[in-house]
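Residue-level listing of the chains:
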Amino acid sequence: MRIVFFLAIIFSSVSVFAETDTVYFNKDWKPCALADSALYFRLPLIKLSDGRYQVKDYYLSNNQLQMEDTFTDSLSEIKDGFFVFYYNNGQIESKGKYI
């Protein structure tokens, strides 16, 4: 019984840390370690008052915002609402709304 309780605490701690860590991505938008040729990074998700999640991705080269979007799930899979993509120089590349 103690082992089950101990494992439950460990796994719940891992999920908490996973949601609060910065994630790095390579040129193909695959998660990677910072040293593994990361080009982009994502700060921890922000839970909005309406229950959706705000996602912001940045260019690693200059910390410039690359994309901001909203999702209905914490895994960033179901897009919902307005989005904006930016060029490396900060100019808007495209924007729109998911419905």
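As a starting point, this report considers the structure included with it. (Residues numbered from 1 in each chain as written. Predicted model: local features only at pLDDT ≥ 70, side-chain atom pairs only at ≥ 80, totals over all residues. Heavy atoms only, no water.)

With that settled, consider the overall build of the chain. The helix and strand inventory of the chain stands at one helix and eight strands. Secondary structure of the chain in N-to-C order comes out as α-β-β-β-β-β-β-β-β. Within the chain, the fraction of its 99 residues that count as buried is 24%. Sequence separation of 24 or more characterises 14% of the internal contacts of the chain that already satisfy a separation of 6 or more. A total accessible area of about 7,200 Å² is found for the chain, and carbon and sulfur atoms account for 60% of it. (Helix = DSSP H or I, 4+ residues; strand = E, 2+ residues; numbered from the N terminus. Buried < 20%, exposed > 50% of the residue type's maximum accessible area, 1.4 Å probe, protein only. Contact = heavy atoms within 4.5 Å. Areas by Shrake-Rupley, 256 points an atom, 1.4 Å probe, with all protein chains shown as cover.)

The subject of this paragraph is the packing of aromatic side chains. Overall, the coordinates contain seven aromatic pairs when judged by the stated rule. The interplanar angle of 50° and the centroid separation of 5.7 Å between the aromatic rings of Y40 and Y59 together place this pair among those described as tilted. Placement of the pair is Y40 in strand β3 (residues 40-42) and Y59 in strand β5 (residues 53-59), with a sequence separation of 19 residues. Summarising the burial analysis for this pair, Y40 and Y59 share the class buried. Geometrically, the ring pair formed by F41 and Y58 is stacked, given 5.2 Å between the ring centres and 15° between the ring planes. Taken as a pair, F41 in strand β3 and Y58 in strand β5 lie far apart in primary sequence, 17 residues in all. Of the two residues, F41 and Y58, neither departs from the other in class, the shared state being buried. (Phe/Tyr/Trp six-rings, centres within 6.5 Å; stacked < 30°, edge-to-face > 60°.)

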